[in-house]
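Examination of the molecular architecture
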Amino acid sequence: MSLDDDLIASRKSGWRGARFVTLTAAIVFAGLVLLNALAIGYAVAGFALVTAAAFLARRAGEESGRLARPAAVSERAGDPLEAVVAGLPDPAIALDRNGRVLAFNERARSLAPALRRGELVSLALRMPELNEAIGRAYARGEEQRVEYSERVPRDRWFETIVMPIAVPTTFGGSESFLLMTFHDQTPLRRVEEMRADFVANASHELRTPLAALSGFIETLQGPARDDPKARERFLAIMQAQATRMARLIDDLLSLSRVELSAHVRPDTLIDIVPIIREVVDGLEPLARDRQVEIEVSLPSTPVIIAGDREELLRVFENLIENALKYGASGGRVAVSLVTVAGVDGASEVRVAVRDFGPGIAPEHLPRLTERFYRVDVGDSRSQGGTGLGLSLVKHIVNRHRGRLLIESVLKKGATFTACFPQPKPPASA
Ligand code: ADP
């Protein structure tokens, strides 16, 4: 028999008992009145007393049954405690004063699958700090907060709040239980870790050129003071380092600007073709320097998308410059634009930048758009890279509600494709 059936059966038998006493009292008092052994007034008063006593006794029995078996409280169909706990958005467990489970919701079940009503919560959550908090919350009547982390199946951090709650009873007293809620702190922790990593990375990136600059300044003030040749050489290096620092700060600012407006989709309609041409023209000197030929395949008619001109310039600048820097050994870079029709009538503009250089090993592909991620740090630095370019590209493309595809075959080159949704033409057009 389940706890529910048990409780319903005991409730039914309680009511039956009370009715039986009332009926017997009615027969006895009626008989006494009929036999003239008792005045009718006394009989009515006596009957009323017995009836009240029978029902109060039944009530008291029900109450003591509930205290003896607290789990039954939450097992009752339609129990408010059960309903409230089930409706809480976080994992929640209601406990009695001894730490036995009265009710819990589905989210708590997935956190601690061994939870059972009527059993001690410590059997399902084997964490001494939580059990201590339960004891303290009950003893002091104050909320207790405990932080704990889980390693398996994955790293998760929780803050658990144990809150004592007093519920008024029918007889003017109060019954207390504890409500334990779990707040998942994992996303917050991750953001905190990311922020700390970001600051560490950014300062490290700035410190390197800064250290080089200070070193050269000292050399120029000391040993190389009267050496015009060395001065020329060092000043050139110093200028390159200063440019790198400026570029890093520029990239950091752009990234934070794009992040701030990530949810605002650009709404200016612009022709993307001249933007790509402008970037290619601007990078011709670098291409010549690296002995790379840029092959451009663009439509002769305008291709309109909703976009931010400055941001799109940054996207194509980064992609084409990377192809020229890292894929130079291939000797050529292909830049093309195609418009692909989607199933629902919406079309997508795809701008592909393909190089024929060394390519990128598959294990790096998913991480390329992370801030400061580089396949080869030394190679990137020697090319003046900041490790922020692709991260910026991804953020800009996302803000345009587009996507960035990266494909690569080792020794055959890499293709970076920026895809942008094309606005549907107005119905009248
Ligand atoms: P960086 O400032 O270092 O160029 P990016 O975010 O633009 O930073 O690129 C991240 C890394 O991805 C680069 O350091 C490089 O290792 C790799 N990468 C980017 N584009 C290419 C490419 N076309 N071919 C090979 N590797 C590339």
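Now for a description of the structure that goes with this document. (Residues numbered from 1 in each chain as written. Predicted model: local features only at pLDDT ≥ 70, side-chain atom pairs only at ≥ 80, totals over all residues. Heavy atoms only, no water.)

Time to look at the nonpolar core. Counting residues in each nonpolar core, the largest one holds 51 residues, and the members touching the most others are Ile 272, Ile 276, Phe 316, Ile 320, Leu 324 and Leu 337. Top element by residues in this core is helix 10 (residues 272-289). It accounts for nine residues. Discounting residues that sit within four places of it in the chain, Leu 337 has contacts with Ile 272, Val 273, Ile 276, Ser 297, Leu 298, Pro 299, Val 303, Val 349, Arg 350 and Val 351. (Core = buried A, V, L, I, M, F, W, Y, C linked by side-chain atoms within 4.5 Å. Buried < 20%, exposed > 50% of the residue type's maximum accessible area, 1.4 Å probe, protein only. Helix = DSSP H or I, 4+ residues; strand = E, 2+ residues; numbered from the N terminus. Contact = heavy atoms within 4.5 Å.)

Another aspect to go through is the site of the ligand. Neighbouring the ligand are 19 residues, the closest being Tyr 326, Ser 380, Thr 386, Gly 387 and Leu 390. Between an oxygen atom of the ligand and a side-chain N or O atom of Asn 322, the distance comes to 2.8 Å. In the environment of the ligand, an oxygen atom lies 2.7 Å from a nitrogen or oxygen atom belonging to the backbone of Thr 386. Summarising the interface, the protein chains cover 96% of the accessible area of the ligand, which totals 540 Å² for the free molecule. Broken down by secondary-structure element, the contributors of at least two residues to the shell around the ligand are helix 11 (309-326) and helix 13 (389-399). When residues of the shell around the ligand are assigned to their parent elements, the largest contribution, four residues, is made by helix 11. Among the residues forming the shell around the ligand, the class breakdown is nine nonpolar, six polar and four charged. (Near = heavy atom within 4 Å. Polar contact = N/O pair within 3.5 Å; in protein donor to acceptor, adjacent residues only side chain to side chain. Areas by Shrake-Rupley, 256 points an atom, 1.4 Å probe, with all protein chains shown as cover. Nonpolar A, V, L, I, M, F, W, Y, C, P; charged D, E, K, R; others polar.)

So, on to unusual backbone geometry. With a phi angle near 55 degrees, Gln 291 is a residue other than glycine that sits in the positive phi range. Secondary-structure assignment places Gln 291 in the loop between helix 10 and strand 7 (293-297). Among the residues examined, Gln 291 registers a relative accessible area of 68% and is labelled exposed. Of note in this structure, Phe 372 is not a glycine but carries a positive phi near 65 degrees.

Our next topic: the pattern of salt bridges. For the structure on display, the rule yields 21 salt bridges. Note that Glu 205 and Arg 374 form a salt bridge whose closest N and O atoms lie 2.8 Å from each other. Taken together, the positions of Glu 205 in helix 8 (residues 186-221) and Arg 374 in the loop between strand 10 (347-355) and helix 12 (377-382) put the pair 169 residues apart, joining distant regions of the chain. We classify Arg 374 as buried; its relative accessible area is 10%. (Salt bridge = Lys/Arg side-chain N within 4 Å of Asp/Glu carboxyl O.)

Counting buried positions over the ten residues of strand 12 (residues 413-422) gives nine, a clear majority of the element. Alignment of strand 11 (residues 403-409) against strand 12, held across seven bridges, turns out to be antiparallel. Opposite Val 409, over in strand 12, you have Gly 413 as the bridge partner. (Pairing = 2+ DSSP bridges.)

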